Amino acid sequence: MDQHYNYKEFAILYVDDEEMSLSGFARAFEDDFRIYTASSAREGLKLLEQHKDEIGLLMTDQRMPGEKGIWLLEKARQLAPKMIRILVTATTEYDVAIAAINTGAIYRYVPKPWDPEQLGITIKRGLEFFLVQRERDQLLHEKMSVLRNMMMADRIVSLGLLAAGLSHHIRNPLTAVKTFLDLAPAKMEEEKAGMDGLRDPEFWKEYYQNAQAQLEKINTLLKNLWSASDPSSVTFGDQVKVREVIEEALASLKPEIEARGVTLENEVPQDLPQIKADRLKIRRLFDLLLKDELASLPPGSKVRFSAELRSSLGYQEVLVKVQDNGPGLPKDSLRLLFDPFVVRTDSPMEYGINLMACYFIVHHHAGRIEADSVAGQGTTFSISLPVNPLAGGAHSSEQGSQERTMLSQALWEKLLSPE
């Protein structure tokens, strides 16, 4: 099975208070593995905290001055539950090893003094277990993402048809109402000339203006939703500079920004690669997102735009972050923020249909939009847009994900089977 694994992808931490044991371990295994060593449980814990994302296996002696090996193993389990943990113990301490196994603190125990050849096999098997477990978790996550995307794609098509129908059937009555309102001022002037005067004409003037504004808002929301939900309207013929479209969105909303007293910072790098996209749609994405931010943030707030390029296995995407320092959102509201099929009664009213349109635009560009929020500290929107959505890649290969999941499952079962 060795050929399937890169044993240096993740490091090994060996903890022992005997210097000769540490140096002997390093000499025996430094050619095959990446190694960290520590001479006490406290020192080992410090290394774990510094390098927990790159250590795959922890091996520790039990009997050491100060904290014992079991203490370190428990700390490691809390810090990185998936890390493989091995206890080194003398033959007279089997009760300690058995207790550790029964409590789930360790993967295996190794008697001391250890045999280099047997220990090498144990370490390799432990790292294989760790790598397959990690791969399995990643693939299951990918598969769930694929299934969710398929479900949302089906929902989006349905909602797009609904939006088109609503736009058609509602616009006609709205046009009639708008025509009536347009005639109302002239009619009022006629009646005013033939009467002693209308009661409170300013009221009717304000009523007319408000009604017109609400009609226009309904029309705009329907138009945005219909346009964003229609995948056939998205083209990928433009080379888009993300910083430029954000600057355009900021410029177009400058009066609203100044009126709200909100500070905007565009820290998106100039040298980010252009993305292949529908420029008008991407511009609309930031328009809508910024409008929702302005509607929900208190005066004097700050919104910061930043971005970076991410690459993995030939797939490139631009990750844009929109961070504000507003009051934040409750977890329950955050979880349903982009779900167009749930009525949210505890979220700001402006967080709704505009974000639904944002979701559609990003989805049709093979990207992702997510939100994270901390109460009292603000909300962060993360938008991932592929550099070339037509090239496929990390988020489009469902068949490849299925094949790797099956392979990972077979390896998983082999590792769990008895010798």
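Note: the structure precedes this text.
Here's what I pulled together on the structure shown here.

Some points on the overall build of the protein
Within the protein, the secondary structure is distributed over twelve helices and twelve strands. Residues counted as buried form 42% of the 419 residues belonging to the protein. Counted over contacts in the protein with a minimum sequence separation of 6, partners at least 24 positions apart contribute 72%. As displayed, the protein has an accessible area near 23100 Å², and 54% of this comes from carbon and sulfur atoms.

Quick look at the sheet that holds strand β5 (residues 108–112)
Strand pairing within a sheet occurs via backbone hydrogen bonds; the two strands may be parallel or antiparallel. Read across the open sheet, the five strands follow the order β2-β1-β3-β4-β5; overall the sheet is parallel. Looking at the sheet topology across the chains shown, the edges are occupied by β2 (35–38) and β5. Across this sheet, the average inter-strand angle for adjacent strands is 20 degrees, counted without regard to direction. As paired elements, strand β1 (residues 11–15) and β2 share four bridges and run parallel to each other. Within β2, the residue paired with I12 across the bridge is I35. Where helix α2 (residues 41–51) meets the sheet, its contacts fall on β1, β2 and β3 (55–61), and the angle it forms with β2 comes to roughly 145 degrees. Relative to the sheet, helix α3 (residues 69–79) contacts β1, β3 and β4 (84–90), its axis offset from that of β3 by approximately 160 degrees.

Regarding the pattern of salt bridges
Scanning the entire structure with this criterion turns up 17 salt bridges. For E9, the salt bridge goes to R134, with nearest N and O atoms at 3.8 Å. With E9 in the segment before β1 and R134 in helix α5 (residues 116–194), this residue pair connects regions lying 125 residues apart in the sequence. With relative accessibility at 38%, the residue E9 sits in the partly exposed group. The salt bridge partner of E67 is R42, with a shortest N-O separation of 3.1 Å. A residue pair is termed long-range when its members are at least 10 positions apart, and E67 in the loop between β3 and α3 and R42 in helix α2 qualify at 25 residues.

Observations concerning the sheet that holds strand β11 (residues 368–374)
One open sheet holds the five strands; their spatial order is β7-β9-β10-β12-β11, and the pairing between them is mixed. The strands lining the two open edges of the sheet, one partner per strand, are β7 (263–266) and β11. Ignoring strand direction, the axes of neighbouring strands in this sheet form an average angle of 20 degrees. As judged from the seven bridges shared by strand β10 (residues 315–324) and strand β12 (residues 378–386), these two strands associate in the antiparallel manner.

Cut-offs used in this document
Residues numbered from 1 in each chain as written. Predicted model: local features only at pLDDT ≥ 70, side-chain atom pairs only at ≥ 80, totals over all residues. Heavy atoms only, no water. Helix = DSSP H or I, 4+ residues; strand = E, 2+ residues; numbered from the N terminus. Buried < 20%, exposed > 50% of the residue type's maximum accessible area, 1.4 Å probe, protein only. Contact = heavy atoms within 4.5 Å. Areas by Shrake-Rupley, 256 points an atom, 1.4 Å probe, with all protein chains shown as cover. Pairing = 2+ DSSP bridges. Axes fitted to C-alpha atoms, helices over the stretch in contact; angles between N-to-C directions. Salt bridge = Lys/Arg side-chain N within 4 Å of Asp/Glu carboxyl O.

Everything listed here is a matter of coordinates, which is why it stays silent on function.
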